[in-house]
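A closer look at the structure
Here are the chains, one letter per residue:
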Amino acid sequence: SETVPIPHPPRIPLIGSVTSFDREVPLNTFILLAKQYGEIYQLDLFGKIIVQLNSYALINEVCNEMRFKKTVAPALAEVRDLISDGLFTAHGDEENWGIAHRLLMPAFNAQSIRGMFDDMKDICDQLVLKWERFGHDNIIDPADDFTRLTLDTIALCSMSYRFNSFYLTEPPQFAKAMVEYLKECFARATRPSIVQAMMPGASAKFQENKEFMTSVGNKIIEERKANPIEKKDLLNIMLFGVDPKTGQRLSEDTIMRNLLTFLIAGHETSSGLLTFMTYYLMKNPETMRKLRNEIDEVVGQEPIQLEDLSKMPYLIAVMRETLRLSPPTPQRSAAPVADTVLGGKYFVKAGTYLRLHIWAMHKDPTIWGEDANEFRPERMLDGKFEALPPNAWQPFGFGARACIGRAFAWQEVQLVMASVVQKFDLFFVDPSYNLELQMNLTVKPKNFHIRARPRNLGP
Ligand code: HEM
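Below, the structure is looked at part by part. Numbering of residues starts from 1 in each chain and follows the order in which that chain's sequence is written. The predicted nature of this model means local features are confined to residues of pLDDT at least 70 and side-chain atom pairs, given and counted, to a pLDDT of 80 or more, with totals for whole chains, interfaces and linings taken over all residues. Computation of side-chain values covers all heavy atoms of the structure but excludes hydrogens and water.

Some thoughts on the overall build of the chain
Secondary structure elements follow DSSP: runs of H or I no shorter than four residues count as helices, runs of E no shorter than two count as strands, and numbering proceeds from the N terminus. What the chain contains, in helices and strands, is 18 helices and 11 strands. C-alpha extents for the chain along the principal axes are approximately 70 × 55 × 45 Å. In this scheme, a residue with accessible area under 20% of its type's maximum is buried, one over 50% is exposed, and one in between is partly exposed, where area comes from a 1.4 Å probe on protein chains only. Of all 459 residues assigned to the chain, the portion counted as buried reaches 54%. Long-range pairs, those at least 24 residues apart, make up 73% of the contacts in the chain between residues at least 6 apart in sequence. Split by element, the accessible area of the chain, about 20,400 Å² in all, is 54% carbon and sulfur. Distance from the positive charge centre (52 side chains) to the negative charge centre (56 side chains) of the chain: 2 Å. Whether two residues are in contact is decided by their heavy atoms: any pair within 4.5 Å suffices. For every accessible area listed, the method is Shrake-Rupley and the probe measures 1.4 Å; residues are considered covered only by the protein chains on display. By the counting rule applied here, Lys and Arg register as positive and Asp and Glu as negative, while His and the ends of each chain are not counted. Where a charge sits is defined by one atom per residue type, namely NZ (Lys), CZ (Arg), CG (Asp) or CD (Glu).

Some remarks on the packing of aromatic side chains
By convention, a stacked pair of Phe, Tyr or Trp rings (six-membered ring in the case of Trp) has centres within 6.5 Å and planes under 30 degrees apart, an edge-to-face pair has planes over 60 apart, and any other such pair is tilted. One pass over the full model with this rule turns up 19 aromatic pairs. Centre to centre, the rings of Phe396 and Trp410 are 6.2 Å apart; their planes meet at 70 degrees, and the pair counts as edge-to-face. Within this pair, whereas Phe396 is found in the loop between α17 (365-368) and α18 (406-423), its partner Trp410 is found in helix α18, the two being separated by 14 residues in sequence. Across the pair, exposure class does not vary: Phe396 and Trp410 are buried alike. Feature note: the residues Tyr279, Tyr280, Phe375, Phe428, Tyr433 and Phe448 constitute an aromatic cluster, connected by ring pairs. Either the NZ atom of lysine or the CZ atom of arginine qualifies as a charge over a ring when it sits within 6 Å of the ring centre and within 35 degrees of the ring normal. Over the aromatic face of Phe428 sits the side chain of Lys283, whose NZ or CZ is 5.6 Å from the ring centroid. Across from the ring centre of Phe385, 3.7 Å away, lies the NZ or CZ of Arg320, which sits over that ring.

A closer look at helix α7 (residues 142-159)
With 18 residues, α7 should reach 26 Å at 1.5 Å per residue; the first-to-last C-alpha distance of 25 Å fits that figure. Within α7, 17 of the 18 residues are buried, which leaves the element mostly enclosed by the surrounding structure. Note on α7: the residue one or two positions beyond its end, Ser160, has a positive phi of about 50 degrees. Helix span, as expected, comes to 1.5 Å for every residue beyond the first.

Focus: the site of the ligand
One heavy atom within 4 Å of a molecule or strand is enough for the residue carrying it to be called near that molecule or strand. Taken together, 23 residues sit near the ligand, with Lys70, Trp97, Ile154, Arg401 and Cys403 positioned nearest. One of the side-chain nitrogen or oxygen atoms of Trp97 is found 2.8 Å away from an oxygen atom of the ligand. With 3 residues, the single largest contributor to the shell around the ligand is helix α13 (residues 268-283). Any residue outside Ala, Val, Leu, Ile, Met, Phe, Trp, Tyr, Cys, Pro, Asp, Glu, Lys and Arg is labelled polar, Gly included; the first ten of those are nonpolar and the last four are charged. Its residues assigned to classes, the shell around the ligand shows 14 nonpolar, 6 polar and 3 charged. Two N or O atoms form a polar contact when they lie within 3.5 Å of each other; inside protein one atom must be a possible hydrogen donor and the other a possible acceptor, and for residues adjacent in sequence the pair counts only when both atoms belong to side chains.

Some words on the coordination of the iron atom of the ligand
For the iron atom of the ligand, the sole protein-derived donor is Cys403 (SG), lying 2.3 Å away. Relative to the helices and strands, Cys403 resides in the loop between α17 and α18. Counted as donors are the N, O and S atoms within 2.8 Å of the metal, or 3.2 Å for Na, K and Ca, while water is not among the atoms, so some sites may look incomplete.

See below:
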């Protein structure tokens with residue numbers, strides 16, 4: 001059948017096709033281009049050819065693991081310098097991915113995650129206490145406090161390690177090193193190599209941060225080996241587990257890389273979800289009221305119990321709707337295994353870098369209707385979520401390479417959001433605030449500030 005050329009913005013020699021690229025928030029550029037070009041376009045980004053897919057139909061087609069495989073996007077490829085073949089950044093054919101995947105899947109299943117509830121609550125209580133004690137005058141940066149929370153939670157649950165972020169004015173050194181490091185990875189991926197070569201300062205800092213994080217990872221392993229504990233946390237599973245398929249164990253290097261992987265993959269994403277969700281709830285007082293009614297009915301004024309979490313369907317609808325409108329990992333990458341034709345008309349060669357614009361697909365009107373840009377959790381209730389076409393909602397990625405931490409994030413966010421809504425009335429510092437984005441490896445709200453006033457619960 002006839003194929004047609006993939007549309008592309010005009011190309012400029014040397015720079016490629018992008019003249020006004022939003023370096024700080026590339027997502028903004030991709031959102032604009034998707035509006036302009038529709039379901040597909042091709043981009044030359046400083047010499048890298050990217051085919052960007054925006055529609056449900058095309059992205060659903062790429063959700064076929066016989067025809068397409070995950071690729072490690074340029075920014076993630078930079079992170080490989082630190083975590084190499086750790087789960088997130090491994091290439092599909094790397095042996096350590098299979099070993100770690102088989103060992104860790106059971107450790108991340110629903111049953112294991114339920115066992116982490118008390119540790120999650122420990123950290124959640126620290127956040128609640130902080131907001132209560134500082135009181136209504138205090139200006140809160142939710143992205144900052146939620147990042148402290150998610151970092152402390154993943155470290156405590158996965159390796160029984162305490163960052164104690166809520167007891168420090170500045171974020172812990174590890175968190176700072178990580179944020180700087182990821183920012184730099186992200187910048188490198190969109191910087192022409194000639195510019196990169198002229199930035200030795202950035203490179204020295206990059207190296208220093210990498211060494212610091214590696215040393216923390218190694219220290220955690222050394223301490224555990226010197227002081228073994230019974231707990232079946234992820235660190236112990238990696239230290240002592242044997243892969244049922246190959247009989248192999250993970251080397252200490254691989255363990256260290258996966259520890260750092262959990263810290264990286266397991267905290268920015270969840271804190272993004274918490275922050276977006278806070279924003280959408282505050283912008284939609286009717287939704288907030290419904291959610292609070294649900295929490296008051298199920299939990300009342302008591303501390304939240306594990307059993308409560310399965311009794312709050314509206315909370316889940318709010319989480320799903322937040323992840324639809326603002327998936328913290330807005331794009332993922334894949335490549336065709338062999339030469340192929342997309343959508344019956346676009347020819348793409350084997351190995352072509354395809355970028356799946358999940359952020360745009362989550363607003364495709366053919367799936368979500370004309371009010372696709374509105375926040376409306378009701379579209380996720382009463383069996384409507386289950387009735388969605390396959391792969392229409394995929395904030396956690398897809399297939400073999402989908403998020404291993406989904407159940408973990410789910411329970412953590414349920415607990416924290418329910419606690420916040422149960423305990424506080426929230427207020428915008430700037431009542432006219434509208435969502436702005438900031439972006440490192442993930443995206444979250446920017447310049448968003450709130451106040452929290454403890455609810456007057458008692459008689
Ligand atoms: C993979 C999103 C929380 C660990 C992924 C992918 C997405 C994602 C989209 C696939 C990436 C790709 O295709 O390249 C999210 C979101 C989260 C979240 C939105 C929270 C709301 C977590 C948590 C952990 C985690 C809490 C760890 C405890 C991982 C790992 C992978 C992954 C290790 C790689 C899996 C593999 O390729 O084998 N995540 N994630 N994530 N995530 Fe998450």
